[in-house]
Amino acid sequence: MNKHSSFTKPFVTFLIAASICLTSSAQKKHLYAPLQNYLSQTTQRFDSIPQARILVLTQLANVLQTQLNKQHKASITFICTHNSRRSHMAQLLATAAACYYGIGKVSCYSGGTQQTAFNTRAVNALIQAGFVIHTEAKSNDSNPLYNVQFSKKQPAMVAFSKKYTDSTNPSSNFIAVLTCSQADEACPIVTGATARIAIPYIDPKLSDNQPNETAIYRERCLQIATEMMYVFSLIKQ
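Given the structure is predicted, the values throughout are model-derived calculations rather than measurements. (Residues numbered from 1 in each chain as written. Predicted model: local features only at pLDDT ≥ 70, side-chain atom pairs only at ≥ 80, totals over all residues. Heavy atoms only, no water.)

Participant: I'd like a rundown of the environment of Asn-173, residues and numbers included.
Facilitator: Looking at the secondary structure, you find Asn-173 in the loop between strand S6 (157-159) and strand S7 (174-178). Given a relative accessible area of 32%, Asn-173 falls into the partly exposed group. Between the C-alpha atom of Asn-173 and that of Thr-191, which follows or precedes it by 18 residues, the distance is 9.7 Å. With near-sequence residues (within four places) excluded, Asn-173 lies in contact with Gln-67, Gln-71, Ser-75, Gly-192 and Thr-194. (Helix = DSSP H or I, 4+ residues; strand = E, 2+ residues; numbered from the N terminus. Buried < 20%, exposed > 50% of the residue type's maximum accessible area, 1.4 Å probe, protein only. Contact = heavy atoms within 4.5 Å.)

Participant: Give me the side chain of Ser-161: which residues, what numbers.
Facilitator: For Ser-161, the position within the fold is in the loop between S6 and S7. Here Asn-83 takes part through its backbone oxygen, which lies 3.2 Å from a polar atom of the side chain of Ser-161. (Polar contact = N/O pair within 3.5 Å; in protein donor to acceptor, adjacent residues only side chain to side chain.)

Participant: Go over the packing of helix H2 (residues 33-42) against helix H7 (residues 213-233) with me, naming the residues and quoting the values.
Facilitator: Contact pair H2 / H7: the axes reach a minimum separation of 9 Å and the direction vectors enclose 70°. Here H7 runs roughly perpendicular to H2, going by the angle between their axes. Only Arg-218, Cys-221, Leu-222, Ala-225, Thr-226 and Met-229 of H7 make contact with H2, whose side of the interface consists of Tyr-38, Leu-39 and Thr-42. Classifying every residue of the contact of H2 with H7 gives 6 nonpolar, 2 polar and 1 charged. (Axes fitted to C-alpha atoms, helices over the stretch in contact; angles between N-to-C directions. Parallel < 35°, antiparallel > 145°, perpendicular 65-115°, else oblique. Nonpolar A, V, L, I, M, F, W, Y, C, P; charged D, E, K, R; others polar.)

Participant: An account of the sheet that holds S6 is requested, with residue identities and associated values reported.
Facilitator: The sheet built from 3 strands is open, its strands ordered S4-S5-S6 with antiparallel pairing. Edge positions in the open sheet fall to strand S4 (132-135) and S6, since each of these has one partner strand only. Strand-to-strand, the axes of this sheet are offset by a mean angle of 30°, without reference to chain direction. Direction of pairing for S4 relative to strand S5 (residues 146-149): antiparallel, over a ladder of 4 bridges. Bridging across to S5, Val-132 finds its partner in Gln-149. (Pairing = 2+ DSSP bridges.)

Participant: A description of the nonpolar core should follow, citing residues and the corresponding values.
Facilitator: By size, the foremost hydrophobic cluster in this structure holds 58 residues, and its most contacted members are Leu-64, Met-89, Leu-126, Phe-131 and Phe-232. Broken down by element, this core gets its largest block of residues, 10 residues, from helix H4 (residues 86-100). Residue contacts for Phe-232: discarding those within four places in its chain leaves Leu-64, Ile-76, Ala-94, Ala-97, Ala-98, Tyr-101, Ile-103 and Val-106. (Core = buried A, V, L, I, M, F, W, Y, C linked by side-chain atoms within 4.5 Å.)

Participant: Now, about unusual backbone geometry: what can you tell me, with residues and values included?
Facilitator: Excluding glycine, residues mostly carry a negative phi; peptide bonds, for their part, are mostly trans. Located in the positive-phi region is Asn-173, a residue other than glycine, with phi close to 60°. In this structure, Asn-209 takes a positive phi of about 65° despite not being glycine. The exposed category is assigned to Asn-209, whose relative accessible area is 64%.

Participant: For H2, give the residues involved together with the corresponding values.
Facilitator: Every buried residue of H2 is listed here: Leu-35, Tyr-38, Leu-39 and Thr-42. The buried side chains of H2 occupy one side of the element, clustering within an arc of 95° when seen end-on. (Arc of directions from axis to C-beta.)

Participant: So, the environment of Ile-216: which residues are in play, and what are the values?
Facilitator: Of note, Ile-216 is situated in helix H7. A C-alpha to C-alpha distance of 6.1 Å links Ile-216 and Pro-204, two positions 12 residues apart in sequence. Among all residues touching Ile-216, those that are not within four sequence positions of it are Pro-204 and Ser-207.

Participant: Can you lay out the packing of H4 against H7 for me, pointing to particular residues and giving the numbers?
Facilitator: In contact at an axis separation of 8 Å, H4 and H7 are set at 40° when each is read in the N-to-C sense. The orientation of H4 relative to H7 falls into the category oblique. The handedness of the crossing between H4 and H7 is right-handed. Contacts between H4 and H7 involve Arg-86, Met-89, Ala-90, Leu-93, Ala-94, Ala-97, Ala-98 and Tyr-100 from the first element and Tyr-217, Cys-221, Ile-224, Ala-225, Met-228, Met-229 and Phe-232 from the second. (Left-handed = near helix turned anticlockwise from the far one by under 90°.)

This is the structure:
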């Protein structure tokens, strides 16, 4: 268990609740303008999504729709090896996409097969997309807490690296989305998940300390945003 799991119960409850998008059809009006514009532009990229990925994204949408229809709420945990880049991007962009489309009571989480840290390059890519992200004042270790905001009407989310089995994540009745091939291979069975879907992304870490680093992180962020927006565009309430 990582050290952040030892927070008092009220704070753990906040960590969980902060990932829930309680929204209305007018919610996108409350998104920060830069992020709203960023997400709006992704809808023009739907036609560029390869057919093979359309099929798996539609599968995720169908499973999500079924859970919402039956329970009037849904949970998704995005899983990657280190919970440092792709899984965090997917969690936060999926949460914003749900609010953009007015899909209420969707909880998005992330975790890894290992705990490391929310990589600052991924943080910067999300800031450039329109999120407002600050390091928690109490953070002074190698795995800092980040306060993440995307709307005037939604509470801040708290992001930090953790295993997907962390106590701040659901242990049952969630959709597991594997965002990297290593996690897909390492987790043939995700205990407690009602569905397991692999949507792998190329690791932007490959560009770290290279001249094209910023461009690659922006590209990966845009790809994930486009695909999460596509998923939630298919959901009906």
